[in-house]
Amino acid sequence: MSNDTISEAILLYREAGRLFRENKKIAKEAAKNFQERAIEGQKDSEQTRSWMETATGNASEMQRLLERIIVLGEEHEELRKHRVYALAHRNLGLYFSRRFKPFHEPFPTYLDDVAAHLNTALSLGVKRDRQVSRTLGAAYYQSGKFLEAVEPLRESIEADPLDGTARYQLCLTYLSLHEREKALEQYEALKQNPESPDYQLVKMLEPMMERGRKPVDEAEQDELRRELENYRRIQE
C-alpha cells in the first residue's frame, strides 16, 4: 500500500510540474504578445484572454495536486519520509507566494502559509537555495514579521548581490525595525546598478531614504505600508 501511495504522489508531482512548465511557456508568449500589441497601441486580444484563462486553470490544478500529495502524506508515514512530500511543501510555498491578491489589510494572513510550507520543506531536508531563502524572507516581510525576515533576505543577497528585489525588501524591513543606517546600506547598494530592471525600486524608496531623519515615526510607517502595497501591485 505504501509503495502505491508513493507512486501516486510521484505521478501527481509530475503532473503539477507539467502544468508549471506549460504556464511558464504561456507567460513567455503572453509577455511577447503584450509588448507587440502595446507598441501598436492595441488592446488585449482574445488570444491573451484565452492564455490567461488557461494559466489560471493550470495554477488552480497545480495547487490541488500538491495539496493532494500533502494530504496523502498526512495519512501515510512512508510518504512523509519520501522526497516528493518535501518538494510538494516547497513548491506549494513558492506557489502561494505568487498569489499576490489585492490588499484588504496591510499584512495578508495567507502569507503565513508560504512560511509554513517552506519551513516544513526545510525541516524535511530540502536545500535552502536562493529561491527558497528569498521567498521565505519576502513572506515574513510582507506579513509584517520583520525580525524573521532579515536572515533569509540577507542569505538571498549573499547568494546573489544583484538581487534587487531582496535588497528592496531588506531596506524596508530595516526601516520598519528603526535601523536606518542598515536600510541606507541596502538603498545605496541598490543604486549602484542603474541598468537593472529592479532600478525602479530605487525610485520607490527615494522619498523615505532622502529625508535624513533618524526615527521612523507613525507617518513613515504609513508610507512603508503604502510602499508594500505598491510593490505587490507591481508583481501582479
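Here the structure is a predicted model, which means the values were calculated and not measured.

J.: Break down the overall build of the protein for me, citing the residues and quoting the values.
T.: Each helix and strand counted, the protein has 11 helices and 0 strands in total. In the protein, the succession of α and β elements from N to C terminus is α-α-α-α-α-α-α-α-α-α-α. Out of the 236 residues belonging to the protein, those deemed buried represent 44%. In the protein, once contacts between residues fewer than 6 apart in sequence are set aside, the share between residues at least 24 apart is 62%. Carbon and sulfur atoms provide 49% of the accessible area of the protein, an area that totals close to 13,400 Å².

J.: Lay out the packing of aromatic side chains with the relevant residues and their values.
T.: Evaluation of the coordinates by the stated rule reveals 1 aromatic pair. Ring centres of Tyr-141 and Phe-146 lie 6.4 Å apart, and the angle between their planes is 50°; this geometry places the pair in the tilted category. Taken as a pair, Tyr-141 and Phe-146 share a single burial class, namely buried.

J.: Account for unusual backbone geometry, with residues named and values stated.
T.: One non-glycine residue, His-178, adopts positive backbone phi at about 65°. Within the secondary structure layout, His-178 lies in the loop between helix H8 (164-176) and helix H9 (180-191).

J.: Describe the packing of H9 against helix H10 (residues 200-209), listing the residues and the values that go with them.
T.: When two helices pack together, their arrangement is captured by the angle between the axes and the distance separating the axes. One can describe the packing of H9 onto H10 by two numbers: an axis separation of 10 Å at closest approach and a directional angle of 145°. Seen from above, H9 lies across H10 with left-handed handedness. Two secondary-structure elements touch here, H9 through Arg-180, Ala-183, Leu-184, Tyr-187, Leu-190 and Lys-191 and H10 through Leu-201, Val-202, Leu-205, Glu-206, Met-208 and Met-209. For the contact of H9 with H10, the class distribution of residues is 9 nonpolar, no polar and 3 charged.

J.: I'd love a proper account of the confidence of the model for the protein, names of residues and values included.
T.: Where the model shows low pLDDT, its predicted coordinates should not be examined in detail. When the pLDDT values of the protein are averaged, the result is 83; 78% of them are 70 or greater. When mean pLDDT is taken per element in the protein, helix H7 (residues 146-159) scores highest with 95 and helix H11 (residues 218-235) scores lowest with 60. Every residue in residues 100-108 is under pLDDT 50, and counting partners more than four places away or in other chains gives 25 contacts.

J.: So, the pattern of salt bridges: which residues are in play, and what are the values?
T.: Under the definition given, this model contains 14 salt bridges. The salt bridge partner of Lys-145 is Asp-112, with a shortest N-O separation of 3.2 Å. Of the two residues, Lys-145 sits in the loop between helix H6 (130-142) and H7 while Asp-112 sits in helix H5 (residues 111-123), which places them 33 residues apart along the sequence. Of the residues examined, Lys-145 reaches a relative accessible area of 34% and is grouped as partly exposed. With a relative accessible area of 32%, Asp-112 lands in the partly exposed category. With its nearest N and O atoms 2.9 Å apart, the salt bridge here joins Asp-163 to Arg-134. Placement of the pair is Asp-163 in the loop between H7 and H8 and Arg-134 in helix H6, with a sequence separation of 29 residues. Residue classification places Asp-163 among the buried positions, given a relative accessible area of 3%. By relative accessible area, Arg-134 is classed as partly exposed at 31%. The structure contains a network of salt bridges with shared partners spanning Arg-130, Arg-134, Asp-160 and Asp-163.

J.: Which residues make up the environment of Asp-160, and what values go with them?
T.: Inspection of the secondary structure puts Asp-160 in the loop between H7 and H8. Each C-alpha atom of the pair Asp-160 and Arg-130 lies 7.9 Å from the other, and the pair is 30 residues apart in sequence.

J.: Mind laying out H6, listing which residues take part and the relevant values?
T.: Between its first and last C-alpha atoms H6 spans 18 Å; for 13 residues at 1.5 Å apiece the expected length is 18 Å, and the two agree. Of the positions making up H6, those classed as buried are Val-132, Ser-133, Thr-135, Leu-136, Gly-137, Ala-138, Ala-139, Tyr-140, Tyr-141 and Gln-142. A positive phi of about 85° marks Gly-144, the residue just after H6.

Rules of the game
Residues numbered from 1 in each chain as written. Predicted model: local features only at pLDDT ≥ 70, side-chain atom pairs only at ≥ 80, totals over all residues. Heavy atoms only, no water. Helix = DSSP H or I, 4+ residues; strand = E, 2+ residues; numbered from the N terminus. Buried < 20%, exposed > 50% of the residue type's maximum accessible area, 1.4 Å probe, protein only. Contact = heavy atoms within 4.5 Å. Areas by Shrake-Rupley, 256 points an atom, 1.4 Å probe, with all protein chains shown as cover. Phe/Tyr/Trp six-rings, centres within 6.5 Å; stacked < 30°, edge-to-face > 60°. Axes fitted to C-alpha atoms, helices over the stretch in contact; angles between N-to-C directions. Left-handed = near helix turned anticlockwise from the far one by under 90°. Nonpolar A, V, L, I, M, F, W, Y, C, P; charged D, E, K, R; others polar. pLDDT = per-residue confidence, 0-100. Salt bridge = Lys/Arg side-chain N within 4 Å of Asp/Glu carboxyl O. Expected span 1.5 Å × (residues − 1).

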